[in-house]
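If you want the building blocks of each chain, they are given just below.
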Amino acid sequence: MLDSDIQGIDQTVAFGAGLRHHVRKYAAQAGAIRVLILTTPHQSDLGLELAETLGGSAAGIFSKAAMHTPTDITEEALQHLNEAGADAVLSAGGGSTIGLGKALALRAPLVQIALPTTYAGSECTPILGQTENGVKSTMSDPKLRPDVVLYDPELVTTLPVPMTVTSAINAMAHAVEALYAKDRTEATDALAVQGLKAFHEGLPAVLEDPSDLHAREETQKGAWACGTVLGQVGMALHHKLCHTLGGALNLPHAETHAIILPHATSYNWPAAQTELAPVAKMFGAEEPGEALWNFATSLGAPTSLQALGVAETDLDRVAALAAQNPYWNPRDITQDGIRALLQRAWDGTAPQP
């Protein structure tokens, strides 16, 4: 276990096989009395297991968490929370479930406990993305960061290989963008490289033996590092594009990140060659977007927006949306440049600077 105090972050973080069986102890230590368990519909069985573990501390289960944190689901969960008299949530799942816990914490004073079952890293950040009427907006507030994070590698051994890969690349995207963030520091650079290295070394071992608890725990440590750095610096083009695609077209979050990351990295390479050099070196290619593309394809990651159901006619609209509101990026953002990037991502072809 470690108590994270990185740049003022107050968060209890623990790693260990079977850690979910001790959730009642961690809840009590955090001052939680009645804990509402949050899951997605397909992880409701995990919710039932956790309710049994919590015993009299369990205040019920809400199993309707959904991608991109729709506000109507949050309002329904908030009513459930109030009716149950809960003062804490246990978010057991990936980014969708942890996002719901954050959205509730925005609306009510809560102890947040996160039990991640993917590598997305949302559990480490004070960032929340919510979707209303097809538009996804993002905000940051220190109270959104979960108070306790429990990494149990047993919970990710059954994560299907395709989801393992896309979830991990989603986490890696945080570290890649952190390297060229305008507010980067030596400490955030080190954390980003630490996270990327953990995935670079651990993911192939996980794919070789998905039940390898040591390899799974190492990749969870990578998720922690990548997620933590996401909460410390600003993101740029990659995250903007993924949020635009996800909000406008309701695309699966991790798969979208996996497809876009090499292309966004290549786009920014001309303006951030020094910053992105560690990526190129670590993943073994002259250009970092190509390096990430090669790594992703070697793991069987998705490469095409078309395969996610995106119509080619959607690309103009997405490019216009992504270029609408000016935001910081190391390279100037143009609608034509984004449109060309999206075309390659739609076609499933290799990225180009």
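Up top is the structure.
Residues numbered from 1 in each chain as written. Predicted model: local features only at pLDDT ≥ 70, side-chain atom pairs only at ≥ 80, totals over all residues. Heavy atoms only, no water.

*Asks:* Would you mind going over helix α11 (residues 288–298) with me for this structure?
*Replies:* Every α-helical turn comprises 3.6 residues, leaving residues that sit three or four positions apart pointing alike. The set of residues buried in α11 consists of P288, G289, A291, L292, W293, F295 and A296. The elements touched by buried residues of α11 are α5 (161–179), α6 (186–208), α9 (253–268) and α10 (273–283). The N-cap residue of α11 is E287: its side-chain oxygen and the backbone nitrogen of G289 are 2.5 Å apart. Immediately beyond the C-terminal end of α11, within one or two residues, lies G300, with a positive phi of roughly 80 degrees. (Buried < 20%, exposed > 50% of the residue type's maximum accessible area, 1.4 Å probe, protein only. Helix = DSSP H or I, 4+ residues; strand = E, 2+ residues; numbered from the N terminus. Contact = heavy atoms within 4.5 Å. Polar contact = N/O pair within 3.5 Å; in protein donor to acceptor, adjacent residues only side chain to side chain.)

*Asks:* Explain the pairing of strand β2 (residues 11–15) to me, please; I cannot follow it from the model alone.
*Replies:* A regular strand carries its side chains on alternate faces of the sheet. Most of β2 is tucked away, with four of its five residues classed as buried. Relative to strand β9 (residues 148–151), β2 is paired through four bridges, and the arrangement is parallel. In the strand pairing of β9, A14 is matched with L150. (Pairing = 2+ DSSP bridges.)

*Asks:* Explanation requested: the environment of A296 in the structure shown.
*Replies:* Considering the arrangement of structural elements, one finds A296 in helix α11. The class for A296 is buried, based on a relative accessible area of 5%. The sequence separation of A296 and I259 amounts to 37 residues, and the corresponding C-alpha distance is 8.8 Å. Apart from residues no more than four positions distant in its own chain, A296 is found in contact with I169 and A301.

*Asks:* Hey, could you run me through the packing of helix α3 (residues 71–84) against helix α4 (residues 95–107) in this one?
*Replies:* Packed helix pairs are characterised by how far apart their axes lie and by the angle those axes make with each other. Where α3 contacts α4, the axes come no closer than 10 Å and their chain directions differ by 65 degrees. As α3 packs across α4, the resulting crossing turns out to be right-handed. Only L100, A103, L104 and R107 of α4 make contact with α3, whose side of the interface consists of T71, T74, E75, A77 and L78. Within the contact of α3 with α4, the residues separate by chemical class into five nonpolar, two polar and two charged. (Axes fitted to C-alpha atoms, helices over the stretch in contact; angles between N-to-C directions. Left-handed = near helix turned anticlockwise from the far one by under 90°. Nonpolar A, V, L, I, M, F, W, Y, C, P; charged D, E, K, R; others polar.)

*Asks:* How should the packing of helix α8 (residues 237–249) against helix α12 (residues 314–324) be read in this particular structure?
*Replies:* Close contact between α8 and α12 brings their axes to 10 Å; oriented N to C, the two are set at 125 degrees. Regarding the angle of α8 to α12, the classification is oblique. For the pair α8 and α12, the sense of crossing is right-handed. Within the contact between the two elements, α8 uses K240, L241, T244, L245, A248 and L249 and α12 uses D314, R317, V318, L321 and A322. Here the contact of α8 with α12 is composed, by residue class, of seven nonpolar, one polar and three charged. (Parallel < 35°, antiparallel > 145°, perpendicular 65-115°, else oblique.)

*Asks:* When you look at the environment of R34 in this model, what are you seeing that I'm missing?
*Replies:* Structurally, R34 can be placed in the loop between α1 (23–29) and β3 (35–38). In this structure the C-alpha to C-alpha distance between R34 and V111, which are 77 residues apart in sequence, comes to 9.9 Å. When sequence neighbours within four positions are dropped, the list of residues in contact with R34 reads G56, S57, A58, A59, A84, G85, A86, D87 and A88. Within the structure, R34 has its side chain in polar contact with the backbone oxygen of A84 (distance 3.1 Å).

*Asks:* So what exactly am I meant to see when it comes to the pairing of strand β6 (residues 111–116) here?
*Replies:* Most of β6 is tucked away, with six of its six residues classed as buried. Neither face of β6 is open: one carries V111, I113 and L115, the other Q112, A114 and P116, and all of them are buried. Both strand β5 (residues 88–93) and β6 contribute to a ladder of six bridges, which runs parallel. If you follow A88 over to β6, its bridge partner there is V111. The parallel pair β5 and β6, bridged by α4, forms a crossover whose chirality is right-handed. Two strands pair when backbone bridges link them, and β6 and β9 are joined in this way by two bridges, in the parallel orientation. Directly across from A114, in β9, lies its bridge partner V149. (Right-handed = clockwise from strand over helix to strand, strands pointing away.)

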